[in-house]
Amino acid sequence: MSSSTAPSNFGWKSAWLVGQAQLDSEHQEFAELIAALQAASDGSLSQCLDAVISHAIAHFGQEDAWMRRLDFPAQQCHMAEHAAVLRSAAGVRQLLRQGDAQPARRFATELAAWFPPHVQHLDSALAAWICKQTWNAKPLVFQRRSHLETAPSAPAMTAMAHPLV
Ligand SMILES: [Fe+2]
Ligand SMILES: [Fe+2]
């Protein structure tokens, strides 16, 4: 994971949509779990960390399976990032169980910094590959600009694939 500066107000952004419905839904949940981990009290830190790890295992597993099944060209690099995050998470969880909360706090910050570029570069490329291999199509993301990031309750976006003819 990189050690760049994480945003202090981390939360889901429609700019991270990749145009593949399952990925987008899971990414939104992932972002919400990261935000909850960042905001966790000492008493809820372990539970929030476990929630992030459970989601990450399932989500990365799904992406890895797609990459293998669809012979995604950049799969080794992408899977290596997933594995590195899970290794870090496992180590942090072990330290937390031993009573050291600081690594879990740092992990939350690092994860918030890692998530956006991973989604925007690696996962968006995977989404494009899935659409191409499945429907001979490109993923399209439609966003309602007047509501972007300003009205969380508004239906700000729709994602769908557009068939190529
Ligand atoms: Fe992802
Ligand atoms: Fe990924």
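Quick caveat: nothing in here was measured; it's all calculated off a predicted structure. All residue numbers refer to positions counted from 1 along the written sequence of the respective chain. Think of it this way: whatever chain is written first is A, whatever ligand is written first is 1, and the rest follow in order. Whole-chain, interface and lining totals are the exception, using all residues; otherwise, since this is a predicted model, local features are given only for residues with pLDDT of at least 70 and side-chain atom pairs are given and counted only at 80 or more.

Student: Would you explain the overall build of the chain in this entry?
Tutor: Along the backbone of the chain there are four helices and two strands. Counting from the N terminus, the helices are the DSSP runs of H or I reaching at least four residues and the strands are the DSSP runs of E reaching at least two. Moving toward the C terminus, one meets the helices and strands of the chain in the order α-α-α-α-β-β. Put plainly, a residue is buried at 20 or more neighbouring C-beta atoms within 10 Å of its own, exposed at 12 or fewer, and partly exposed in between, counting only other residues' C-beta atoms, which are placed from the backbone. With 165 residues in all, the chain has 27% of them scored as buried.

Student: How do you make sense of the confidence of the model for the chain when you look at a structure like this?
Tutor: A residue's pLDDT is the predictor's confidence in that residue, given on a scale from 0 to 100. On average, residues of the chain score 87 in pLDDT, and 82% of them reach the 70 mark or higher. By definition, residue pairs are in contact when their C-beta atoms, positioned from the backbone, come within 7 Å. Per-residue pLDDT stays below 50 along residues 2–7; that stretch engages in ten contacts with residues further than four places along the chain or on separate chains. Overall, residues 151–165 carries pLDDT values under 50, and its contacts beyond four positions in sequence, including any with other chains, amount to 33 contacts.

Student: Got a minute to help me understand the packing of helix α2 (residues 45–69) against helix α4 (residues 102–135) in this structure?
Tutor: For any two helices packed against each other, one specifies the crossing angle of their axes together with the interaxial distance. In this description, a line fitted to the C-alpha atoms serves as the axis of each element, helices being fitted only across the stretch in contact, and the angle between N-to-C directions of two axes falls anywhere from 0 to 180 degrees. Put simply, α2 and α4 touch, their axes get as near as 13 Å, and they point 20 degrees apart. Between α2 and α4, the angle falls in the class roughly parallel. For the element pair α2 and α4, the recorded crossing hand is left-handed. Residue-level contacts link Leu45, Leu49, Glu63, Trp66 and Met67 of α2 to Ala104, Leu126 and Ile130 of α4. Class assignment for the residues of the contact of α2 with α4 results in seven nonpolar, no polar and one charged. Here the word oblique covers every angle except those under 35 degrees (roughly parallel), over 145 (roughly antiparallel) and from 65 to 115 (roughly perpendicular). Should the near helix be turned counterclockwise from the far one by less than a right angle, the crossing is left-handed, whereas a clockwise turn marks it as right-handed. For this classification, the nonpolar set comprises Ala, Val, Leu, Ile, Met, Phe, Trp, Tyr, Cys and Pro, the charged set comprises Asp, Glu, Lys and Arg, and every other residue, Gly included, is treated as polar.

Student: Can you walk me through α4 in this structure?
Tutor: Given 3.6 residues to a turn, an α-helix orients residues that are three or four positions apart in the same direction. An ideal rise of 1.5 Å per residue puts 50 Å on 34 residues; α4 measures up with 46 Å between its terminal C-alpha atoms. At Val119, α4 is deflected by roughly 45 degrees, the largest bend along its length. At the exit of α4 stands Asn136, carrying a positive phi of roughly 50 degrees. The span one expects for a helix is its residue count, reduced by one, times 1.5 Å. The angle between axes fitted to the seven residues ending at a residue and the seven residues starting there is what we call the bend at that residue.

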